[in-house]
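The lines below spell out each chain.
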Amino acid sequence: MKKAIYPGTFDPITLGHINIIERGLRIFDIIIVAVARREEKNPLFTVEERVELIRDVFSENERVVVKPFDGLLVDFARKEGARIILRGLRTVADFEYEMQMSLANKKMNPEMETVFMMTEGVYSYYSSTLIKEIASLGGCVKDMVPEKVEKAMISKYRR
Ligand code: ADP
């Protein structure tokens, strides 16, 4: 069983993330979506809400497992028995950050490998941050996130 761990903040999950997971499933048997709590980043959604929104998208797919995590990714991956980290790449800025992270993770656990998947077409400019900004200003994000996520964002910003 080839198992990969796809870590991120997912605040909230976007169609860009979903594209990476779906394509990742062509390579890996199981993908563990590891949702980082990251309270210091002041997320819009709690980690429990983010996990629920992702579980809802993949409720029919038992090859996608969604779990929250705290602390170091390498420790969580070891606990889950995963040695492959899956990450998405959009821009040169992503590349610089991702390279640093993958080298740091390798230093902490030399058995860990990071596999990168290039974003596709329209997804290349989707980011949770951009989508939150649009939604907070009353813009439409219908084509960028699943319907449940769109509704959840609208209700957060209405408050
Ligand atoms: P983090 O805070 O760890 O960067 P994110 O939720 O922003 O968490 O992203 C998780 C992963 O998904 C990262 O590897 C990021 O580059 C990737 N990603 C995010 N949006 C896209 C997209 N539109 N296309 C491809 N990869 C993406």
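Residues numbered from 1 in each chain as written. Predicted model: local features only at pLDDT ≥ 70, side-chain atom pairs only at ≥ 80, totals over all residues. Heavy atoms only, no water.

Visitor: Please provide a residue-by-residue account of the overall build of the protein chain, values included.
Guide: Within the protein chain one finds six helices and five strands. Moving toward the C terminus, one meets the helices and strands of the protein chain in the order β-α-β-α-β-α-β-α-β-α-α. For the protein chain, whose C-alpha radius of gyration is 15 Å, the value lies close to the compact-globule estimate of 15 Å for 159 residues. For the protein chain, the spread of C-alpha atoms along the principal axes amounts to about 45 × 35 × 30 Å. For the protein chain, the proportion of its 159 residues judged to be buried stands at 45%. Sequence separation of at least 24 residues holds for 73% of the intrachain contacts in the protein chain that already meet a minimum separation of 6. (Helix = DSSP H or I, 4+ residues; strand = E, 2+ residues; numbered from the N terminus. Rg over C-alpha atoms; globule rule 2.2 N^0.38 Å. Buried < 20%, exposed > 50% of the residue type's maximum accessible area, 1.4 Å probe, protein only. Contact = heavy atoms within 4.5 Å.)

Visitor: I'd love a proper account of the sheet that holds strand β2 (residues 30-36), names of residues and values included.
Guide: Taken in spatial order, the five strands make up an open sheet running β3-β2-β1-β4-β5, and their pairing is parallel. Of all strands in the sheet, those with a lone pairing partner are β3 (64-69) and β5 (113-118), marking the two edges. If you compare each strand with its neighbour and ignore which way they point, the axes differ by 30 degrees on average. Here strand β4 (residues 84-89) runs beside β5; their pairing, made up of six bridges, is parallel. Directly across from Gly88, in β5, lies its bridge partner Met117. Relative to β4, helix α4 (residues 92-108) is tilted by about 170 degrees, and along the sheet it contacts β4 and β5. (Pairing = 2+ DSSP bridges. Axes fitted to C-alpha atoms, helices over the stretch in contact; angles between N-to-C directions.)

Visitor: Give me the lowdown on the packing of aromatic side chains, citing residues and values where you can.
Guide: How two aromatic rings sit relative to each other is given by the distance of their centres and the angle of their planes. Per the counting criterion, the structure on display carries four aromatic pairs. Summarising the aromatic geometry, the rings of Phe69 and Phe76 are spaced 5.1 Å apart at their centres and angled 20 degrees between planes, so their arrangement reads as stacked. Considering the side-chain rings of Tyr125 and Tyr126, the 5.1 Å spacing of their centres and the 85 degrees angle between planes classify their relative orientation as edge-to-face. In this structure Tyr126 comes out as buried when scored by relative accessible area, which is 6%. One aromatic cluster is present, built from ring pairs that chain together Tyr123, Tyr125 and Tyr126. (Phe/Tyr/Trp six-rings, centres within 6.5 Å; stacked < 30°, edge-to-face > 60°.)

Visitor: Lay out the site of the ligand with the relevant residues and their values.
Guide: In the vicinity of the ligand lie 17 residues, with Tyr6, Thr9, Gly88, Thr119 and Tyr123 positioned nearest. Taking Gly88, its main chain carries an N or O atom lying 2.8 Å from an oxygen atom of the ligand. In this structure, Tyr123 approaches the ligand through a main-chain N or O atom, which is 2.7 Å from a nitrogen atom. Summarising the interface, the protein chains cover 90% of the accessible area of the ligand, which totals 550 Å² for the free molecule. Mapped onto the shell around the ligand, the elements with two or more residues apiece are β1 (3-8), α1 (15-24), β4 and α4. When the residues that make up the shell around the ligand are grouped by side-chain class, the tally is six nonpolar, six polar and five charged. (Near = heavy atom within 4 Å. Polar contact = N/O pair within 3.5 Å; in protein donor to acceptor, adjacent residues only side chain to side chain. Areas by Shrake-Rupley, 256 points an atom, 1.4 Å probe, with all protein chains shown as cover. Nonpolar A, V, L, I, M, F, W, Y, C, P; charged D, E, K, R; others polar.)

Visitor: Provide a residue-level description of the nonpolar core, including the pertinent values.
Guide: One recurring pattern in soluble globular proteins is that nonpolar side chains are buried together. In this structure, Ile21, Ile31, Val33, Val35, Ile54 and Leu86 are the most contacted members of the largest nonpolar core, which totals 31 residues. Contributions of two or more residues to this core are made by β1, α1, β2, α2 (47-57), β3, α5 (128-136) and α6 (147-158). Considering every element that reaches this core, the biggest residue donor is α2, with four residues. The next biggest cluster of nonpolar side chains, apart from the first, holds 13 residues, and it includes Ile5, Phe69, Phe76 and Ala82. (Core = buried A, V, L, I, M, F, W, Y, C linked by side-chain atoms within 4.5 Å.)

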